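The chain contents come next:
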Amino acid sequence: MQRVPAIDISALLKLEDFRKYCVKHHIVLILSHVMEQPFKAMEKAGFVDDLGINNFSDSIEEALKRAEEIYKSYNKRKHCN
C-alpha cells in the first residue's frame, strides 16, 4: 500500500468487506507499506484490531516472512490432525 497516501471511509468499508471475505475463505490478509494516514484511519475504524497488528508489515520482505510463518503453522496443524 506504499502508493496509497490517504484512505476514506468508502475505501475502509471495501477493505473491511475484503477482510471478511478472506476470513470466510481461510485466507490471511497481510498488508505491507501502509502509510501513516491510512494506518491511523484503519486504527480508528477498528480494522487494525480486526486484522491483527502482526499482519501489517513495513516491507515486502517482512510480509513474506509473515506469510511463511503462517504457512508453516498451517502445515504443522494439518499434519497433527
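Residues numbered from 1 in each chain as written. Predicted model: local features only at pLDDT ≥ 70, side-chain atom pairs only at ≥ 80, totals over all residues. Heavy atoms only, no water.

1. Side note on the nonpolar core
With 13 residues, the main nonpolar core has Ile7, Leu29, Leu31, Met42, Phe47, Leu51 and Phe56 as its most contacted residues. Going through the elements one at a time, α1 (9–24), α2 (36–45) and α3 (47–51) are the ones with two or more residues in this core. When neighbours within four sequence positions are excluded, Met42 is seen to be in contact with Met1, Ile7, Leu12, Leu15, Leu31, Val34, Phe47, Val48 and Phe56. (Core = buried A, V, L, I, M, F, W, Y, C linked by side-chain atoms within 4.5 Å. Buried < 20%, exposed > 50% of the residue type's maximum accessible area, 1.4 Å probe, protein only. Helix = DSSP H or I, 4+ residues; strand = E, 2+ residues; numbered from the N terminus. Contact = heavy atoms within 4.5 Å.)

2. Quick notes on the confidence of the model for the protein
Of the residues in the protein, 95% have a pLDDT of 70 or more, and the chain-wide mean is 93. No element of the protein has a lower mean pLDDT than helix α4 (residues 60–80), at 87, and none a higher one than strand β2 (residues 56–57), at 98. (pLDDT = per-residue confidence, 0-100.)

3. Describing unusual backbone geometry
Its identity as a non-glycine residue notwithstanding, His26 has a phi of 55°, on the positive side. By the secondary structure assignment, His26 is in the loop between α1 and β1 (31–32). The class for His26 is exposed, based on a relative accessible area of 74%.

4. Quick look at α2
Within α2, burial applies to Pro38, Ala41 and Met42. When α2 is viewed along its axis, its buried side chains cluster within an angular range of 100° and face the same direction. In α2, the exposed positions that point more than 90 degrees away from the buried face belong to Glu36 and Lys44. Each element contacted by the buried residues of α2 is listed here: α1, β1, α3 and β2. (Arc of directions from axis to C-beta.)

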